[in-house]
Amino acid sequence: MARLVLLILFFFSVFSWAIIFYKWKAFKNMKKENEKFFEAFIESNGAKELFSLAKRFELSPLASIYRGVFSEVYGKNSSNLDAIVKKFSSNEISRVEGYLGFLATTGSTTPFIGLFGTVWGIMDAFRNIGVKGSASIATVAPGIAEALITTAAGLFAAIPAVIAYNHFTSRANKIIEEVEDFSETLIKYTWQD
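Here the structure is a predicted model, which means the values were calculated and not measured. (Residues numbered from 1 in each chain as written. Predicted model: local features only at pLDDT ≥ 70, side-chain atom pairs only at ≥ 80, totals over all residues. Heavy atoms only, no water.)

1. Quick look at the environment of Ile 175
Basically, it comes down to this: By the criteria applied, helices consist of DSSP H or I runs no shorter than four residues and strands consist of E runs no shorter than two, each listed in order from the N terminus.
Residue placement: Ile 175 occurs in helix H6 (residues 137-188). Put simply, Ile 175 and Glu 97 are 78 residues apart on the chain and 9.8 Å apart in space, counted from C-alpha to C-alpha.

2. Re the nonpolar core
Convention followed: Here the nonpolar core consists of buried residues drawn from Ala, Val, Leu, Ile, Met, Phe, Trp, Tyr and Cys, with membership extended through side-chain atoms lying within 4.5 Å. Whether a residue is buried, partly exposed or exposed follows from its accessible area with a 1.4 Å probe, protein chains only, as a fraction of its type maximum: under 20%, in between, or over 50%, in that order. In what follows, a contact means two residues having at least one pair of non-hydrogen atoms within 4.5 Å.
Phe 37, Tyr 66, Val 69, Leu 186 and Trp 191 are the most contacted members of the largest nonpolar core, which totals 38 residues. Counting residues per element, the ones that place at least two in this core are helix H1 (2-43), helix H2 (47-54), helix H3 (61-73), helix H4 (81-97), helix H5 (100-132) and H6. Ranked by residue count, the leading element in this core is H6, at 9 residues. In contact with Tyr 66, other than residues within four places in its own chain, are Phe 37, Phe 41, Ala 47, Leu 50, Phe 51, Ala 54, Phe 182, Leu 186, Tyr 189 and Trp 191. Listed in part, the 5 residues of the second largest apolar core include Val 5, Leu 9, Ile 113 and Ala 153.

3. Structural notes on unusual backbone geometry
Although it is not a glycine, Tyr 99 adopts a positive phi angle of roughly 75°. Relative to the assigned elements, Tyr 99 resides in the loop between H4 and H5. Residue classification places Tyr 99 among the exposed residues on the basis of a relative accessible area of 51%.

4. A look at the side chain of Ser 64
With respect to the element layout, Ser 64 can be found in helix H3. Excluding residues within four positions of it along the chain, Ser 64 makes contact with Glu 92 and Arg 95.

5. Overview of H3
Threshold: What a helix should span is 1.5 Å times the count of its residues minus one.
The end-to-end C-alpha separation of H3 is 18 Å, in line with the 18 Å expected for 13 residues at 1.5 Å each. Burial runs high along H3: 11 of the 13 residues are buried. At its buried positions, H3 is contacted by H1, H2, H4 and H6. Once H3 ends, the next one or two residues include Gly 75, with phi positive near 75°.

6. Section: the packing of H1 against H3
Each pair of packed helices can be summarised by the angle the axes make with each other and by the distance between the axes. Applied cut-off: Axis lines are fitted to C-alpha atoms, over the contacting stretch for helices. Their N-to-C directions set the angle, which ranges from 0 to 180 degrees. Any angle that is under 35 degrees is reported as roughly parallel, and any over 145 degrees as roughly antiparallel; angles of 65 to 115 degrees are reported as roughly perpendicular and all others as oblique. Charged residues are taken to be Asp, Glu, Lys and Arg, nonpolar residues to be Ala, Val, Leu, Ile, Met, Phe, Trp, Tyr, Cys and Pro, and polar residues to be all remaining types, Gly included.
Remark: H1 packs on H3, axes separated minimally by 7 Å, with the N-to-C direction vectors making an angle of 50°. Taken together, the axes of H1 and H3 lie oblique to each other. Taking contact as the criterion, the partners of Met 30, Asn 34, Phe 37, Phe 38 and Phe 41 in H1 are, on H3, Pro 61, Leu 62, Ala 63 and Tyr 66. Partitioning the contact of H1 with H3 into residue classes produces 8 nonpolar, 1 polar and no charged.

Structural data, given as structure tokens:
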């Protein structure tokens, strides 16, 4: 049972670290590209020119919203501009928040999975006492060792996930604020060359 618990915790830990590295790089690039695209947006000479420029910023949520809204609105006299902007903003907010739920799940569940392994290891130690009729170190050590290892593995998976979740949630909230502000600006934007 301890091996199964450790395998589950290993799975959570590996995926958490993969998400941590991915999100760290993604947020760094999103921030840079948002800044560059917004500068281009301010200095833009027209909607069509800005659309061409927005294609260069693939990771920027702001550029992505602009591309989507431009494709739906430009030259079509759309009366549903609010709804169109909200749709693309929601998509980008979901993308920004992507995978953070897994970090939260890892941080909240892996200590309990480790605790399950701990309880199992202690039960195994007591069972060995009953079978051998002795409470010597040789009898209880294997079960207690399993218990301590699974506890440590649960914490090893949970602690980085919780730290990363809190850090990335803060960064995501800043980007989401930028997305919301930009969305309001787009609603008032003049979709002309």
